[in-house]
Amino acid sequence: MQVPCSENSVQRGRGGIGIHDELQKFLQGRIWLRELLPVGKEEAGDLIREGLIGTVPGVATIRKWHGGTHSRCSRCLTEDARHFHAFNCRKCGKVCRYCRHCLNMGRVAECDELVYWCGPERRTACNAVLTWEGRLTPLQERAAGELEESLLDGKPHLLHAVCGAGKTEILFRPVHRLLSEGKRVCIATPRTDVVLELLPRFEKAIGGTVIHGLYGGSGNGEGLAGLVIATTHQLYRFREAFDAVIVDEADAFPYSFDRTLRLAVRKALKPGGVLAVVTATPSPAILSEIGREGRRSVIPVRFHGHPLPVPRIVPLFGYRKRISAGKMPERLKAWTEERLKRKEPFLIFFPSVPLMEQCLPLFSHLDAGIGAVHATHPDRRDLVMALREGRIPGLLTTTILERGITIPRLQIAVAGSENVVFDRSAIIQISGRAGRSPEHPDGDVVLFHHGVTPEMDAAVREIRRLNREGVKTIGLPAL
Amino acid sequence: MTDRGKSLLCPRCEGGFVPADSMPPLGDWNGTPYEGALDAAVSLYAYNDAMKTCLRQYKFLKDAALAAVFSDALHHAEILKGRTAVPVPMHPVRLVERTFPQVEELLVQAGIPYAPLLEKTTALNLGRLGRKERMASDPLFRLADGAEVRRADYVLVDDLYTTGTTLHHAAHVLKKSGARSVAALTLIRA
Ligand SMILES: [Zn+2]
Ligand SMILES: [Zn+2]
């Protein structure tokens, strides 16, 4: 039941065509609390009666085979009993359950209705133009071609590309191709930072199509978007929306841990829609997501062809004690002073906010400009910008900055790399922040530790392996 | 971090709560018809960021589960001892919107008995009015149907003390109806 491409279909109905039109553009592909519809709240009732809008109870009761029941949130699909709270509801007059798991998107209770568009589907316009004029390396070229082919054939695809391989550029052409066929595409990533970085790049690279960037605190976007760039979290609010979902940096926390986020990706795909995953460190969970029929492209080298920086492992025994005593561990101090002397921008990763905040005054002593950022830091973006523009010498950070940051000549240290938060994948990602520009393809990456962990070893081995593979690949004349 | 959302469980931001550093200034009401309506007033917490986040989640995201966060503090509140608690009510229209009575729920969760003696007369939101208008507005409360005020000591319970208009209006009604004394307990001094 699809309306032909690029023709604006007009909906029948009594209550004013304009509003129905607005409501469809908003609701098509979404699943939304009826109470919180931003447009056409009054008209929704008519459209429900006409069968153009479907409804489901916010919290469903699922019967189990052994006769028991449990709750499921119809938006985020959680079934974890700890996510539900029952209260004496004055709206429905009963004991009513609501979901706390997706509470921030507006509370969904048993007596609330979620609505979705189930009338004829409006196609997005097909006049997307690829305005990107950059050039792909032969390896990128091959991966882009393979990805495009998979997406058009409806086959799942894994793009395994090292940090700095130029993953975003690889996506431009395949995404443009899908858009120009009137398909709806979503690029989903676990991190808001990555959405904010990708959005302007896609807006610049692809014209003639509506692009939305969605994350916690963003608006809902105007009109019907061909391309949605969103946090995986935002996919809770979509239902059978996309012909293709491309999950970028897919193994990043929390995507790999949260089953409901994986279900959300599935729910956001149309029946027959296709999933692609782009990652630097594929985990077993991702490999199983792609499945056996999935195809795979590998890019073992960065776009400038230089090998990945291999982390140096440097002991920093007893650093916590020293820091608690208000003293800076010597080696870390020497490393920082060296960066300051050479005027090289640097990031120092910490396993926790309290440890980082304990350290900040010690660093301020070396240079008052050194800042610190963490997830809920209000000036986070400004500080990263200041580092990029050279207004401050360096930043202390939690793992929040491990992805999606590109600063030329960046030098990296991890303080306390034995901590569990620095697993193999995190260390590979962190190391990949260094040496990203062709002018400065290498950079120092140091893991300061209180004891070497298997994860640290595995990360170093994996980076060496990719570098060896990279040398071989570059040597191949066929490319 | 991700946009997984601010900590879902407010108990984690409980660490960020700080005790109120000043008590509600009842003297502001001297010279008005409400002078002396309240005999005492106590607030438990200051209105800092952690508290704002928590209250927002409780009231506007309607996270009823958070009522339990305050149970201990309410249990230890001296001002509740020997007095009958009277929650400041919501207008019935607001109540359906908010789906649960947010002040009453605090008492329910804490297992503190209370007497619902008052009824809100207007669905108007005081927050939209200026200070003067708030102080001078028409009566906001009346006695609930069948409510009986004894010659006893009462304590009104509310979430926020801002200008004190709500509490003075409520106290006035109780006093007029025969209450011996009326105190006020609010979670927060804004
Ligand atoms: Zn939910
Ligand atoms: Zn209900």
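Residues numbered from 1 in each chain as written. Chains lettered and ligands numbered in written order. Predicted model: local features only at pLDDT ≥ 70, side-chain atom pairs only at ≥ 80, totals over all residues. Heavy atoms only, no water.

If you check an unreviewed UniProt entry, chain B appears there as DNA utilization protein GntX from Bhargavaea cecembensis DSE10. Taken verbatim from the UniProt record of chain B, the Sequence similarities (unreviewed entry) comment is "Belongs to the ComF/GntX family." (UniProt positions renumbered as here; feature names shortened; annotations may be inferred.)

Going by what an unreviewed UniProt entry lists, chain A is known as Transcription-repair-coupling factor and is assigned to Bhargavaea cecembensis DSE10.

Enquirer: Would you mind going over the coordination of the zinc ion (ligand 2) in detail, with residue names and values included?
Expert: Residues and elements named next belong to chain A. The coordination sphere of the zinc ion (ligand 2), as far as protein atoms go, consists of C89 (SG), C92 (SG), C96 (SG) and C111 (SG), spread over 2.2 to 2.4 Å. Going along the chain, you hit the donors of the zinc ion (ligand 2) in the pattern C-x2-C-x3-C-x14-C. Side by side, C89 and C96 carry an identical accessibility label, which is buried. (Donors = N, O, S within 2.8 Å, 3.2 Å for Na, K, Ca; no water. Buried < 20%, exposed > 50% of the residue type's maximum accessible area, 1.4 Å probe, protein only.)

Enquirer: Just give me the short version of the UniProt feature "domain: Phosphoribosyltransferase" (unreviewed entry) in chain B, but keep the residues and values in it.
Expert: Per the UniProt entry, the sites bearing "domain: Phosphoribosyltransferase" (unreviewed entry) are residues 145-189 of chain B in this numbering. Taken end to end, residues 145-189 of chain B is 27% helix and 40% strand, and its first and last C-alpha atoms sit 31 Å apart. (Helix = DSSP H or I, 4+ residues; strand = E, 2+ residues; numbered from the N terminus.)

Enquirer: Tell me about the coordination of the zinc ion (ligand 1), residues and numbers included.
Expert: At the metal site, the zinc ion (ligand 1) is ligated by C73 of chain A (SG), C76 of chain A (SG), C99 of chain A (SG) and C102 of chain A (SG), and these contacts range over 2.3 to 2.4 Å. For the zinc ion (ligand 1), the donor residues sit on a single chain with the sequence spacing C-x2-C-x22-C-x2-C.

Enquirer: Describe the sheet that holds strand β5 (residues 84-88) of chain A, and please don't skip the residues or the numbers.
Expert: Residue and element names in this part refer to chain A. Reading across from one edge, β5-β6-β7 is the order of the 3 strands in this open sheet, with antiparallel pairing throughout. This sheet does not close on itself; its edge strands, each paired only once, are β5 and β7 (108-109). Bridge analysis of β5 against strand β6 (residues 95-99) gives 5 bridges, and the strand direction is antiparallel. Within β6, the residue paired with F84 across the bridge is C99. (Pairing = 2+ DSSP bridges.)

Enquirer: Explain helix α6 (residues 259-268) of chain A to me, using residue names and the numbers behind them.
Expert: Residues and elements named next belong to chain A. Within α6, the full set of buried residues consists of T260, L261, A264, V265, K267 and A268. Considered in projection along α6, the buried side chains sweep an arc of 165 degrees and stay on one side of the axis. On its buried side, α6 packs onto β1 (31-33), β15 (242-248) and β16 (269-279). (Arc of directions from axis to C-beta. Contact = heavy atoms within 4.5 Å.)

Enquirer: Which residues make up the environment of G371 of chain A, and what are the values?
Expert: Residue and element names in this part refer to chain A. Relative to the helices and strands, G371 resides in strand β20 (residues 371-373). It is 35 Å that separates the C-alpha atoms of G371 and T260, two residues lying 111 residues apart in sequence. Discounting chain neighbours no more than four positions away, the residues touching G371 are L360, G394, L395 and L396.

Enquirer: Describe the packing of helix α3 (residues 138-153) of chain A against helix α4 (residues 167-180) of chain A, naming the residues involved and giving the relevant values.
Expert: Between two packed helices, what matters for the description is the angle formed by their axes and the separation of those axes. All names here are of chain A. Across the interface, α3 lies against α4 with an axial gap of 8 Å and an inter-helix angle of 30 degrees. Between α3 and α4, the angle falls in the class roughly parallel. Of the two elements, α3 crosses α4, and the hand of that crossing is right-handed. Contacts between α3 and α4 involve Q140, E141, A143, A144, G145, L147, E148, L151 and L152 on the former and, on the latter, E169, I170, L171, R173, P174, R177 and L178. (Axes fitted to C-alpha atoms, helices over the stretch in contact; angles between N-to-C directions. Parallel < 35°, antiparallel > 145°, perpendicular 65-115°, else oblique. Left-handed = near helix turned anticlockwise from the far one by under 90°.)

Enquirer: So, the packing of aromatic side chains: which residues are in play, and what are the values?
Expert: Taken as a whole and assessed by the stated rule, the structure comprises 13 aromatic pairs over all chains. The interplanar angle of 75 degrees and the centroid separation of 5.9 Å between the aromatic rings of F87 of chain A and F100 of chain B together place this pair among those described as edge-to-face. Of this pair, F87 of chain A sits in strand β5 while F100 of chain B sits in the loop between α3 (92-98) and α4 (102-110), which puts the two residues in different chains. Members of the aromatic cluster, each reached through a chain of ring pairs, are F87 and Y98 of chain A together with Y58 and F100 of chain B. Between the NZ or CZ atom of K52 of chain B and the centre of the ring of Y47 of chain B, over which it lies, the distance is 5.3 Å. (Phe/Tyr/Trp six-rings, centres within 6.5 Å; stacked < 30°, edge-to-face > 60°. Lys NZ or Arg CZ within 6 Å of the ring centre and 35° of its normal.)

Enquirer: Run through the state of the cysteines, naming residues and quoting values.
Expert: Residue and element names in this part refer to chain A. Evaluation of the coordinates by the stated rule reveals 0 disulfides over all chains. Between C186, a free cysteine, and C76, which holds the nearest cysteine sulfur, the sulfur-to-sulfur gap is 17 Å. C186 gets classed as buried once you look at its relative accessible area, which sits at 0%. (Disulfide = S-S within 2.5 Å.)

Enquirer: Explain the pattern of salt bridges to me, and be specific about the residues and the numbers.
Expert: Applying the stated criterion across every chain, the model contains 41 salt bridges over all chains. Of the charged contacts, one joins K59 of chain B and D159 of chain B as a salt bridge, the two residues approaching to 2.7 Å between their closest N and O atoms. Placement of the pair is K59 of chain B in helix α1 (residues 49-59) and D159 of chain B in strand β5 (residues 153-161), with a sequence separation of 100 residues. D159 of chain B sits in the buried class, given a relative accessible area of 11%. As a salt-bridge pair, R180 of chain B and D153 of chain B come within 3.3 Å of each other at their nearest N and O atoms. Placement of R180 of chain B in the loop between α6 (165-176) and β6 (181-189) and of D153 of chain B in strand β5 is noted, with a sequence separation of 27 residues between them. What emerges from the salt-bridge pattern is a single network uniting R312, E338, R339, K341, R342, E344 and D444 of chain A. (Salt bridge = Lys/Arg side-chain N within 4 Å of Asp/Glu carboxyl O.)

Enquirer: Help me get a handle on the pairing of strand β23 (residues 445-449) of chain A, residues and values and all.
Expert: All names here are of chain A. Buried residues dominate β23, accounting for 5 of its 5 residues. The two faces of β23 match: V445, L447 and H449 on one face and V446 and F448 on the other face are all buried. Where strand β18 (residues 312-315) meets β23, 4 bridges bridge the pair, whose relative direction is parallel. Paired with P315 across the strands is H449, a residue of β23. In this sheet, β23 lies alongside strand β22 (residues 411-415) in parallel orientation, the contact comprising 4 bridges. Counted as the bridge partner of A415 is F448 from β23. For the crossover from β22 across helix α12 (residues 424-431) to β23, the handedness is right-handed. (Right-handed = clockwise from strand over helix to strand, strands pointing away.)

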